[in-house]
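Listed below, chain by chain, are the residues.
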Amino acid sequence: MILSYTHTETKPMLNRPLNFAATQPALPSLKTATKRSSFLTIEGVSKVYPTRKGPYTVLQDVNLTVDQGEFICVIGHSGCGKSTLLNMVSGFANPSSGDVLLQGQRITKPGPDRMVVFQNYALLPWRTAFENVYLAVNAVHPHKSQAEKRAIVRDHLAMVGLSEAADKKPPQLSGGMRQRVSIARALAIRPQVLILDEPFGALDAITKEELQEELLKIWNEHRCTVLMITHDIDEALFLSDRLVMMTNGPAATIGEVMEIPFPRPRDRALIMEDPHYYTLRNQALDFLYHRFAHDDE
Amino acid sequence: MTVNTVRNAGANPLGLLSNFWRKQAPNIIPPVLGVLGFLTIWQICSSSGLTRLPGPLSVVTDERTRTLLMYPFYDLGGLDKGLFWQTLASLGRVAQGYSLAALVGISVGILVGTQPLVNKALDPLFQFLRMVAPLAWVPIALVALQQNQPAAIFVIFVTSVWPILINTAEGVRQIPDDYNNVAKVLQLSRKEYYLNILLPAALPYIFTGLRIAIGLAWLAIIAAEIVMSGIVGIGFFIWDAYQQNYVSEIILAVAYIGAVGLLLDRAMAYLQKVIAPTEQK
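One structure accompanies this document, and this report is about it. (Residues numbered from 1 in each chain as written. Chains lettered and ligands numbered in written order. Predicted model: local features only at pLDDT ≥ 70, side-chain atom pairs only at ≥ 80, totals over all residues. Heavy atoms only, no water.)

## Examining the overall build of chain A
Summing up its helical and strand segments, chain A has nine helices and 10 strands in all. Within chain A, the proportion of its 297 residues that are buried is 52%. A sequence separation of at least 24 residues applies to 71% of the contacts in chain A between residues at least 6 apart. As displayed, chain A has an accessible area near 13,700 Å², and 52% of this comes from carbon and sulfur atoms. (Helix = DSSP H or I, 4+ residues; strand = E, 2+ residues; numbered from the N terminus. Buried < 20%, exposed > 50% of the residue type's maximum accessible area, 1.4 Å probe, protein only. Contact = heavy atoms within 4.5 Å. Areas by Shrake-Rupley, 256 points an atom, 1.4 Å probe, with all protein chains shown as cover.)

In structure tokens:
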């Protein structure tokens, strides 16, 4: 593992909510000295893919720091490298240059501390909802007793309202229910960072709003750091603390980061009545459809 | 129409029967008519002297063959056994060779499917060897193994292993990235990955291979036994009957072979339906 240099002005980690850290499984201890106190750092990151026509730069010089417990949404036109950026946090891709650091340690490969809710759910169709979640819990807590592990699974299925459907297999579940299982699986292993790649993109509007509210409720209770890709400005405004807007590719980067100051817990109806909501919404729309309008849209 | 006369049956078991008949008649009548038509044309051809091959009725009219038909379980020692025992001996060999093929085919298939380098090294060899006909393996097996019994089992093995191996490897390669990504993010151990993701995901492909292979294995045993002399088995039985010109015995034995082959294929199809249903997405 690559450790950063010990600087003289090294500060201890500040404001780490203990309730969350206490529930952490036996993950590698991250108490080593860090360069900076931020939780997740994306620093000068570029991603270049070699192609037949020469190198293709997807991302160029991306910088972002995320505090622990923050809810970040990433928005941008398709092909702007949002997924590539999040893949470098989850560890499925490595940056061509620059660093992605979680608590000062470079991310090199996927791990359960950065759990992903995949775009198409990625549930195993031959396992029931319960067994799908159990697979994850069992992988992360191999030494817990079976009764404990089953209790964790049951709690998390109940949390997403799926106690009834626990013994059904994914092909028997609706899209919304599958995504709930996927979210339950991700939360059941108590990740430090939860990565969601357009989780609600394939769902109908009503299911989508329900799931947004459930996700927010669960997040309010657990406060893990969330990185979420979305195409939906309203979704981002409702859920996130900060909205990261990407410029168009190739060589995309972060164009603007918008603070979303609405107090939590949030109420959709109240937010929608706030005039500031429309200021922010117009600002985001302006960014996406005027300043960085997609060529073919 | 026969359907009308049966429909009036009032009693409960009969009623059930008529119900079954009404539903299944369209599935039963055409194949029965097809088979009867085929046998009739065959019988006419041989009765009219168009071919020297005896008609299907000879199975009953020929006295030796009738004995074989009526007493499949007789055992007079040595090679003189009823057709049931002959078939069973062949099936035993198929079971051994096929089990070996399944074991080797699935394990090597997984290796080849997960290791692209091994695949590159071995694929040309596999593609070449699988084109070799079962009969061509017989002399090689006899020279290499010296004895009839192991040679027959080797011929089964070498004929049926390729579809299992190639389908397993393909099944492993076709595992959706999503499933592998779940394994990666959860950092599943190798054993957990094999048991919980690789095997279940590749199972439909493995079963396709197993089902193709069972048919090939049965074809191969007949071919192998025909060439290997002096063993109990339905293949050698046919060869023996041919040498002594008992043609109707051959016809009866062929009916056994066809029926057993059909049963083996149905059994595999049933297993596939139970263990790896295709309704999975």
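## Concerning the pattern of salt bridges
Residues and elements named next belong to chain A. What the rule picks out here adds up to 17 salt bridges over all chains. Arginine 268 serves as the salt-bridge partner of glutamate 209, at 3.8 Å between the closest nitrogen and oxygen. Placement of glutamate 209 in helix α6 (residues 205-222) and of arginine 268 in helix α8 (residues 268-273) is noted, with a sequence separation of 59 residues between them. Because the salt bridges share partners, they merge into one network encompassing Arg180, Glu210 and Glu214. (Salt bridge = Lys/Arg side-chain N within 4 Å of Asp/Glu carboxyl O.)

## Some thoughts on the interface of chain A and chain B
Taken residue by residue, the interface counts 24 residues in chain A and 16 residues in chain B. If you sort the residues of chain A by the area they bury against chain B, Phe92(A), Trp126(A) and Leu135(A) come out on top, with a joint share of 30%. Run the count over chain A and chain B and you get zero salt bridges. Among the secondary structure elements, those contributing two or more residues to the side of chain A that touches chain B are β6 (114-117), α3 (129-140) and α5 (175-188) of chain A. Looking at the side of chain A that touches chain B element by element, the count peaks at four residues for α3(A). (Buried area = accessible area lost by both parts, 1.4 Å probe.)

## Some words on a nonpolar patch on the surface
There is a patch of nonpolar side chains on the surface, built from Val32(B), Val35(B), Leu36(B), Phe38(B) and Leu39(B) and spanning about 440 Å² of accessible area. Summarising the element assignment, Leu36(B) is placed in helix α2 (residues 12-47). (Patch = residues over 30% accessible without salt bridge, like charges linked within 9 Å, V, L, I, M, F, W, Y side chains within 5 Å.)

## Points about the packing of aromatic side chains
Here a ring pair, both rings aromatic, is described through the centre-centre distance and the interplanar angle of the planes. Within this structure, the stated rule accounts for 15 aromatic pairs over all chains. Ring geometry for Phe73(B) and Phe84(B): centres 4.7 Å apart, planes at 55 degrees, overall tilted. Separated by 11 residues along the polypeptide, Phe73(B) in the loop between α4 (63-70) and α5 (83-114) and Phe84(B) in helix α5 bring together distant segments of the chain. Here the aromatic residues Phe262(A), Tyr277(A) and Tyr278(A) are joined through ring pairs into a cluster of three or more. Over the face of the ring belonging to Phe238(A) we find Arg268(A), whose NZ or CZ atom lies 4.2 Å from the ring centre. (Phe/Tyr/Trp six-rings, centres within 6.5 Å; stacked < 30°, edge-to-face > 60°. Lys NZ or Arg CZ within 6 Å of the ring centre and 35° of its normal.)

## Describing the environment of Met246(A)
All names here are of chain A. Of note, methionine 246 is situated in strand β9 (residues 242-246). On the basis of relative accessible area, methionine 246 is assigned to the buried category, the value being 0%. A C-alpha to C-alpha distance of 12 Å links methionine 246 and threonine 230, two positions 16 residues apart in sequence. Setting aside its immediate chain neighbours within four residues, methionine 246 contacts Leu59, Val74, Ile75, Gly76, Cys80, Gly81, Lys82, Leu85, Thr253, Ile254, Gly255 and Phe287.

## A closer look at the sheet that holds strand β7 (residues 193-197) of chain A
Residues and elements named next belong to chain A. Strand order in the open sheet made by the six strands is β6-β7-β8-β3-β9-β10, with mixed pairing throughout. The strands lining the two open edges of the sheet, one partner per strand, are β6 and β10 (254-259). Across this sheet, the average inter-strand angle for adjacent strands is 20 degrees, counted without regard to direction. Note that strand β3 (residues 71-75) and β9 share four bridges and pair parallel. (Pairing = 2+ DSSP bridges. Axes fitted to C-alpha atoms, helices over the stretch in contact; angles between N-to-C directions.)

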